[in-house]
Amino acid sequence: MVKLLVKKEMKNLFRTYFINQKSGKGYSKGKTISFILLFVFLIFIMMGMFAGMGFGLSPLISSGLGWFYFAIMGMLALALGVFGDVFNTYSMLYKAKDNEMLLSLPIPPSRILISRMVVVFLLGLLYEGMVFIPAVAVFWISGGSSVVPVFPALLYQILVFLFLGIFITTLTCILGWLVALLSTKLKHKNIAVIVLSVVFFGAYYFFCMKLSDFITSLIMNAEAFSRNIRSGFYPAYAFGMAGVGDTLDTIVFAAFSIVTFAICVYVLSISFKKITTSSDRSEKKKYTGLKGKRVSQYWALWKLEGKRFISIPTYALNAGLGIIIMPVLAVVLIFKAKDVMPLLEMIKTTEYAPLIPMVASAMMASIISVDCGAAPSMSLEGKNIWILRSSPLDGKLLMRSKIDFHFSVNAIPALILAVVGTIMLKMAALDMVLVIIYTLGFSYLISSFGMMMGTIRANIDWTNPVVPIKQSMAVMIVLFSGWVLAIAYPGLWYLMRSFMPPVIWKIAMTALLLVLDALTYLWCINEGVKKFKEL
């Protein structure tokens, strides 16, 4: 039974790579292979980044601190595994749409829980492998064979890879369980989840910003750090020692992972059924008569889109991360712009001076591309889409309300950053105007193009909102198209700089962006409405 449930979960998780969600028919082998190759390509990019980090720590290997090297890379693998998996675990374990249906069948709740935990384990291995596999490769490339015997060390590295995956599963399931438990008690649970997640994101990115300084300090004070880890966090020390082939510490780390996992399964199995079948708390309130306020269809649909955006934490976090990043960058620019001004003044005296506003616009566009919330918007209507189709509303208003909501929440912080950036970097008046127009135009394009692709590739047959939000082909197309368009702005001019006047190029690219805005909007209110009625 567990095997069948795991197979079902894996099919639901990766069905967008194999099945056209609109027609229900399978993709051709060529298209499926292309999707898989793109997915693998992205994984290899991440692995390359962590391989570079491993080479930065490689002096530890030659200095006889190979265990410390594996302890550090193991903690990074743990952080990425938890960071990448924790946002899926809550939805997958407790908020899947088929929970009640499965619990109504003669299937023990423990089997359902274990099958979902197996999927969480496999996803955790995927994230962990992006760090640990390059770490192992760097270890052997950097002379690991001269420090430890190859066979036992390689065998133990494979074992601790699996046992670390078990520990990642334990942590993510505990975090998901805590969120689910709190969600049955809190009144504004989605806001709480979003706030906690933002704090976690902030801590993670702060760590990434300080990583190079940390690695330098680590190499310089390796002995002191290693003593602290050995005495203060023994599981990390045991993991590191297992990485260099120590049998006893491999057994210790394996026992630690298995025992914590067993405790986790026991605790979750007690409350799994209760949490998954609990309804939201309702408070008794004294009735007070209120006079209803009539609003337009457009405004009602706009507010409905906003409520959905904040009601699904995964949605708000994945499609709203840039909304948080942009004001933070604006504040950083106010206080740190003076540090980069000498470099900019030097660039302004060279032939690359016109690249400054172009690169600034491209950086803005790259951040905005992350906030492609309109792409999964139509899919998130799910099985309730018939309510919209059967309602006496204008399809054009529906399209406009979705586009305008995601444009407005993105455009306001983007405009703040664009204005602050152009002022603090002392751009010319024309460049300031073009950067601001380009920023607003790109914000609208991500919303209208996202709505276009989200309608074309709508998937309303999901059991977990993570599928249309994080695994949708529409989201991937919009995200990478935005990045390509952003890079093309300064990149193409650089290639044509010998004959292309920069002012003409900047005006032409801004005008092209506005044309794309108009074309994608017109498609949405015409062809998009027709496709919506066919869903």
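The structure under discussion appears in the preceding block.
Report follows, based on the coordinates. (Residues numbered from 1 in each chain as written. Predicted model: local features only at pLDDT ≥ 70, side-chain atom pairs only at ≥ 80, totals over all residues. Heavy atoms only, no water.)

1. Some remarks on the side chain of Ser 361
With respect to the helices and strands, the residue Ser 361 is situated in helix H16 (residues 355-370). Judged by relative accessible area, Ser 361 falls into the buried class, the value being 1%. Contacts of Ser 361, omitting those with residues within four sequence positions, involve Val 435, Tyr 438 and Tyr 489. (Helix = DSSP H or I, 4+ residues; strand = E, 2+ residues; numbered from the N terminus. Buried < 20%, exposed > 50% of the residue type's maximum accessible area, 1.4 Å probe, protein only. Contact = heavy atoms within 4.5 Å.)

2. Here's the deal with the packing of helix H10 (residues 222-232) against helix H11 (residues 234-243)
Here H10 crosses H11 at 115 degrees, and the two axes come no closer than 5 Å. Looking at the two axes, H10 sits roughly perpendicular to H11. Taking contact as the criterion, the partners of Ile 229, Arg 230 and Gly 232 in H10 are, on H11, Tyr 234, Ala 236 and Tyr 237. Residue classes in the contact of H10 with H11 are distributed as four nonpolar, one polar and one charged. (Axes fitted to C-alpha atoms, helices over the stretch in contact; angles between N-to-C directions. Parallel < 35°, antiparallel > 145°, perpendicular 65-115°, else oblique. Nonpolar A, V, L, I, M, F, W, Y, C, P; charged D, E, K, R; others polar.)

3. A short note on the packing of aromatic side chains
Evaluation of the coordinates by the stated rule reveals 22 aromatic pairs. Ring centres of Trp 299 and Trp 302 lie 5.0 Å apart, and the angle between their planes is 15 degrees; this geometry places the pair in the stacked category. Separated by three residues within a single helix, Trp 299 and Trp 302 lie in helix H13 (residues 297-311), roughly one turn from each other. Judged by relative accessible area, Trp 299 falls into the partly exposed class, the value being 38%. A centroid spacing of 5.9 Å and a plane angle of 25 degrees characterise the contact between Tyr 352 and Tyr 494, whose relative ring orientation is stacked. On the criterion of sequence distance, the pair formed by Tyr 352 in the loop between helix H15 (321-348) and H16 and Tyr 494 in helix H21 (residues 473-496) is long-range, its members being 142 residues apart. According to the relative accessible area criterion, Tyr 352 is partly exposed, its value standing at 31%. Note on Tyr 494: relative accessible area 33%, which makes it partly exposed. An aromatic cluster is built from Tyr 69, Phe 70, Phe 132, Phe 139, Trp 140, Phe 161, Phe 167, Phe 239, Phe 253 and Phe 256, whose rings are joined through pairwise contacts. (Phe/Tyr/Trp six-rings, centres within 6.5 Å; stacked < 30°, edge-to-face > 60°.)

4. Quick word on the packing of helix H19 (residues 429-456) against H21
The interhelical angle for the contact between H19 and H21, taken along N-to-C directions, is 150 degrees, at an axis separation of 9 Å. Judged by the angle between their axes, H19 and H21 are roughly antiparallel. Between H19 and H21 lies a crossing whose hand is right-handed. Contacts between H19 and H21 involve Tyr 438, Phe 442, Leu 445, Ile 446, Phe 449, Gly 450, Met 453 and Gly 454 from the former and Ala 474, Ile 477, Val 478, Ser 481, Gly 482, Leu 485, Ala 486 and Tyr 489 from the latter. Here the contact of H19 with H21 is composed, by residue class, of twelve nonpolar, four polar and no charged. (Left-handed = near helix turned anticlockwise from the far one by under 90°.)

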